[in-house]
Structures are given as structure tokens and as C-alpha cells.
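# Working through the structure, step by step
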Amino acid sequence: MSKCKREGATQAPAIDLQRIEAGIATHPRVRERVREVLLFDRVLSTNQIALQMGSTGMPGGVLILAEAQDQGKGRLNRIWVSPSGVNIYLSVLLRPFQEVRDFPLFSLAAAVAVVQAIRATTGLPVVTKWPNDILLDDRKVGGILLETGKKSGEVPYLVIGAGINVNWEENDIPENLREHATSLKIALGHIVDRNRLVNEILIALAQQITLLDENKSDLIIKGLSEVCETLGKRVKVATPDRIYEGVAEALSNDGGLVLRLADKSQRTIYVGDVTKVILLPPSTRRSWGAT
Amino acid sequence: MDLKEIKSLIQLLEETDLTEIEIEEHGRRIRVRKEQGQTVSLSAPLHTEAAALPAVSPVSQALQPQQEFSNETEPHLAVIHSPIVGTFYRAHTQGAEPYVQVGDLVKKGQILCIVEAMKLMNEIESDHDGTVVAVCVEDKSSVEFGQPLFKIEPAQ
């Protein structure tokens, strides 16, 4: 009963296809990028639909939105918990003219876009963890996953997928995730307009992709550097075959994370899970063992 | 490290729950790994850049060797190259079966592997119908742009 009450009091409006299409229509840059929007009640994952479209020859410029995902996924098929009616799950199918070797830059462009859009919509000081996790108060509020493929003889397709915890209630977040995940609503104390946020994401994404089209990836790297909380921190990076520890000094021209290792050498990382290393102050360290 | 010592490493691996032992000594790296119930060992000269394991000399036939590939010497084989700098995965999920094994018949358009960079997962497909003759890179290792990943003998 208390659950019904809570839901009744905080019901988030549904994703409104017409509003989103109207928002796209008013921004020429977005209109150029997104020619079709598909909204689903429930899907396996929005990326999976967009990938299927890409692999069967569908031209770029399709936005897939869903109210729920049954198999929302992150990197290496990790699960992205995707409850119905509260969050944003979207994927954009593109066919960029850039070489595939430059596609990873779209990952960073998407991170900058999502940060800008959340900040514009809510004013919350969201940041990124390299390469493109979206964090709020050190907890994950959004994730981005890009997937690409190519059929022989065709222009490669690129899918940019994003999941954002918008109006998720704290009590509805699975217990094992509460320490690591949050939502915009939890931080603000009120519902966030998902339709507006989707449109802001599209506007910011179109701007960032335009930078890539104009060969200004340095501005994307600069934009990400300004919102990337990883930089300047002592971090551990778990790559698939080893763990590096060092200070995250900068982003390389192609978006890699430049680490200064203990032996003073530099190493640029392109794949890995970053965690901050918290150095306890000496006084704290001394107190260990005294108790 | 001599053969006897390598054998003792293999024995150690087989007698324990460990899945991998790696030792660096005198400029050489020896790695012994259990794979699908088998034990394989690889050795490689150490590089100052530890990102990618260079060409290796297989001690066992259980794993297809990495080797320098030259299209000039094997012009009948098709080579699948990495389109990006990133990490090479033979399976879509950790612990899952590899997409393909050496000896597998593959179809044009069949997924062979994933190369990841900065949360961009790039599914690499076969350009040919044919047989996988070699996997040129070790699972989860770093790859450079243009690096050979697979050799495929096209079907006649």
C-alpha cells in the first residue's frame, strides 16, 4: 500500500513522442542528424534494435527510445538495470563518414553531450569518469555504450546508446547498487522532465558530432577534460589483462587516458575500469593499529 | 628457465585451482595457462612496452601461435586487421566461448571478435567464406590500428 502511495505521488510523465519530435523539428542541427524516432514500451535493449537496423542496411539518423529494457547492457554485456517509466534509455543509429579508427571519439563526444544536457536541464554538477560514465556525487547516474559494425561494401554503422537514471526512487534501486548508483530525482528531490532531457541530449550530441565533422576533435577532448573528474586523481585502471596505478594526467589527442606511473613513465590507456585511489592522511594512517 | 622448470609450472597449475602463472625472468616472460581443461604455455621476449604480447613461441600445440604475417608469403590467405587501437576480445562476454576457433568454417559477415576502445565495442566480421587458419592475437590483449587479427583461407 505504501508502495502505491509513493508511486502515485511521484509518477513521472511518460516519454512523449510528439514532444520529442517537435523538439527535433525546431533545431536544424538535430533535424539533420535524426530523421526518425521510434518509441517502444519495452525492448531487450535499444542498442540491440539500433544494431539490428544498422546490420540490415538501415540508413543512419534513427533514434530509438524505450520506457523499459529487459536486457539493458553495459560494457562486455554487463547489466544496465532498466526499470519501466522512470529513466531514459536511448540509442542513436548513425552512419558517420569518418574512418572507423576515429569512432572512439564519438564515445567522448557522447559523454560531453550527456553532461551538458543534464546540467542544462537540472543544474546538477554531473561529471564524467573516463571514458564516459556519468557521475553525480561519486555515484553513477548515466552510462554510455557505443557499438559499431560493418557489412562488406557498406558504410559502417555506429550506435550511440545511453542510459540515464532520471526519476528512479532510491528505494527502487536494487540494494546491491545503491552504494554505486543514484538518480537525478534523488539529488533534486523532484521529478525531472525526461522529454526535455532527451531533447537537450540530442541538441548537445548534434553539436558535439558537428565538431567531429569539422575536424575539431581537440574541442571535444577539451570539453571532456573540463568535466572529467578522473583527471588529476590517483587512480587504478583495471585493463583486461592488468591493473595500472598512477596519476591521471591528461587525455591524449585521441581520447586515451594518460597515466603517470610510479616509475615516472607515461602510459596511455584506451580500455579499462577506473577507480580512484583514496590516500588516507598520515594522521589517519597512524591511528590504525592504535585502537 | 629450462624445460624442466616449465614442466614443473605446468604441474603446479594442474594440481591447483590456479588458471594462470606468469613469470618474468632474464628478459623473458613465461606464461602457463589453463584453457578449457588444457594447459598451454607461452613464452615471449620482454618488451619495454607491455601493452601487447609480441609474437610468441608456442610450447604446446594447444593454442594457435601468434606469428608475423606477411601477405606476400601467403597471398592466398585473407587477413582481418584491427580497424582501431584497442583491446581484442575473442568472446562477447568474459568466460563465454570464443566466437571462432582455428579450423572453424566461417561465413562472410560472421562475427569473429570484438575490439574495444573507450567503450566503443567494434564487432569485426569476416570478409570471406572460408576457414580460420590462425588467430594472430591473444585474447584481451592490446592491438594497434591495422594489426592482423585473423588469417582466413578463403573457400574455393
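None of these values were measured; they are calculated from a predicted model.

Residues and elements named next belong to chain B. In this sheet, strand 12 (residues 148-154) lies alongside strand 5 (residues 78-81) in antiparallel orientation, the contact comprising four bridges. Of the residues in strand 12, the one forming a bridge with I80 is F150. Taken together, the five bridges between strand 10 (residues 130-135) and strand 12 define a ladder with antiparallel strand orientation. Within strand 12, the position partnered with V132 by the bridge is I152.

Okay, the nonpolar core next. The biggest cluster of nonpolar side chains holds 89 residues, and the ones touching the most others in it are L184(A), L257(A) and F150(B). No other element matches helix 5 (residues 104-122) of chain A, which puts 12 residues into this core. Residue contacts for F150(B): discarding those within four places in its chain leaves A78(B), V79(B), I80(B), F88(B), V100(B), L112(B), C113(B), V132(B), A134(B), V135(B) and C136(B). The next biggest cluster of nonpolar side chains, apart from the first, holds 11 residues, and it includes L51(A), V62(A), Y157(A) and V159(A).

The next point concerns the packing of aromatic side chains. Counted under the stated rule, the structure contains two aromatic pairs over all chains. Ring centres of F88(B) and F150(B) lie 5.8 Å apart, and the angle between their planes is 55 degrees; on these two criteria the pair is classed as tilted. Separated by 62 residues along the polypeptide, F88(B) in strand 6 (residues 86-89) and F150(B) in strand 12 bring together distant segments of the chain. Like F150(B), F88(B) is buried. A cation over a ring is seen here: R101(A) above F145(B), with NZ or CZ 3.6 Å from the ring centre.

At the interface, 33 residues of chain A touch 24 residues of chain B. Across the chain A/chain B interface, buried area totals approximately 2,600 Å², and carbon plus sulfur atoms make up 56% of it. For the pair chain A and chain B, the interface holds two salt bridges. Salt-bridge contacts for D133(A) lead to K119(B); the nearest nitrogen and oxygen are separated by 2.4 Å. The interface formed by chain A and chain B includes 10 residue pairs in polar contact (both at pLDDT 80 or more). At the level of elements, helix 5 and strand 6 (139-149) of chain A are the ones that each hand at least two residues to the side of chain A that touches chain B. Looking at which element gives the most residues to the side of chain A that touches chain B, the answer is strand 6 of chain A, with seven residues. Across the side of chain A that touches chain B, the residue classes tally to 14 nonpolar, eight polar and 11 charged. Relative to strand 9 (residues 120-125) of chain B, strand 6 of chain A is paired through three bridges, and the arrangement is parallel. By the bridge assignment, T148(A) is partnered in strand 9 of chain B with N122(B).

Residue and element names in this part refer to chain A. Segmentation of chain A into domains returns domain 1 (17-226) and domain 2 (230-284). A straight line from the C-alpha centre of domain 1 to that of domain 2 covers 26 Å. Both faces combined, the contact of domain 1 with domain 2 buries some 1,100 Å², and carbon together with sulfur accounts for 54% of it. It is R75, W130 and I221 that lose the most area in domain 1 upon contact with domain 2, and together they represent 58% of the buried surface on that side. Between domain 1 and domain 2 we count three salt bridges in total. Its salt-bridge partner being D273, residue R75 comes within 3.2 Å of it at the nearest N-O pair. Linking domain 1 with domain 2 are six residue pairs in polar contact (both at pLDDT 80 or more). Put simply, the parts of the chain that give the side of domain 1 that touches domain 2 at least two residues each are helix 5, strand 4 (127-129) and helix 8 (217-227).

Here we take up the pattern of salt bridges. Close approach of charged atoms allows side chains with opposite charge to pair. Summed over the entire model, instances satisfying the criterion amount to 22 salt bridges over all chains. Here R19(A) makes a salt bridge to D193(A), at a shortest N to O gap of 2.8 Å. With R19(A) in helix 2 (residues 17-25) and D193(A) in the loop between helix 6 (184-188) and helix 7 (194-213), this residue pair connects regions lying 174 residues apart in the sequence. Residues D273(A) and R78(A) are paired through a salt bridge, measuring 2.9 Å at the closest nitrogen-oxygen approach. You can see D273(A) sitting in strand 12 (residues 273-276) and its partner R78(A) sitting in the loop between strand 2 (62-66) and strand 3 (88-94), a full 195 residues away along the chain. Among the ionic contacts, a cluster of salt bridges with common partners joins R75(A), R78(A), D273(A) and E116(B).

What follows deals with helix 7 of chain A. Residues and elements named next belong to chain A. In a regular helix each residue adds 1.5 Å, so 20 residues correspond to 28 Å; helix 7 covers 28 Å between its end C-alpha atoms and thus fits that length. Of all 20 residues making up helix 7, 16 are buried, and the element is well covered by its neighbours. Taking the backbone nitrogen of N195 as reference, a side-chain oxygen 2.9 Å away marks D193 as the first, capping residue of helix 7. Among the residues trailing helix 7, N215 stands out with phi positive, at a value near 65 degrees.

For sheets, the rule is that strands pair by backbone hydrogen bonds, running either parallel or antiparallel. Pairing is antiparallel across the open sheet formed by four strands, whose spatial order is 5-12-10-7 (chain B). Because the sheet does not close on itself, it has two edges, and the strands there are strand 5 and strand 7 (105-106) of chain B.

Residue and element names in this part refer to chain A. Their axes nearest at 8 Å, the elements helix 5 and helix 7 cross at an angle of 140 degrees. With respect to helix 7, the element helix 5 is oriented oblique. At the point where helix 5 passes helix 7, the crossing takes the right-handed sense. Of the residues in helix 7, those touching helix 5 at L105, F106, A109, A110, V112, A113, V114, Q116, A117, I118, A120 and T121 are R196, L197, E200, I201, A204, L205, Q207, Q208, I209 and L212. Of the residues assigned to the contact of helix 5 with helix 7, the class counts are 16 nonpolar, four polar and two charged.

Right, let's talk about the sheet that holds strand 8 (residues 234-238) of chain A for a bit. All names here are of chain A. The antiparallel open sheet is built from five strands, whose spatial order is 11-10-9-8-12. Two strands in the sheet have a free side with no partner beyond their single neighbour: strand 11 (266-269) and strand 12. Going from strand to strand, the sheet's axes swing by 45 degrees on average, the running direction of each strand aside. One ladder, built from four bridges, connects strand 8 with strand 12; its direction is antiparallel. Residue pairing across strands places A238 opposite D273, the latter belonging to strand 12.

Conventions and cut-offs
Residues numbered from 1 in each chain as written. Chains lettered and ligands numbered in written order. Predicted model: local features only at pLDDT ≥ 70, side-chain atom pairs only at ≥ 80, totals over all residues. Heavy atoms only, no water. Pairing = 2+ DSSP bridges. Helix = DSSP H or I, 4+ residues; strand = E, 2+ residues; numbered from the N terminus. Core = buried A, V, L, I, M, F, W, Y, C linked by side-chain atoms within 4.5 Å. Buried < 20%, exposed > 50% of the residue type's maximum accessible area, 1.4 Å probe, protein only. Contact = heavy atoms within 4.5 Å. Phe/Tyr/Trp six-rings, centres within 6.5 Å; stacked < 30°, edge-to-face > 60°. Lys NZ or Arg CZ within 6 Å of the ring centre and 35° of its normal. Buried area = accessible area lost by both parts, 1.4 Å probe. Salt bridge = Lys/Arg side-chain N within 4 Å of Asp/Glu carboxyl O. Polar contact = N/O pair within 3.5 Å; in protein donor to acceptor, adjacent residues only side chain to side chain. Nonpolar A, V, L, I, M, F, W, Y, C, P; charged D, E, K, R; others polar. Domains from an automatic or database assignment. Expected span 1.5 Å × (residues − 1). Axes fitted to C-alpha atoms, helices over the stretch in contact; angles between N-to-C directions. Parallel < 35°, antiparallel > 145°, perpendicular 65-115°, else oblique. Left-handed = near helix turned anticlockwise from the far one by under 90°.

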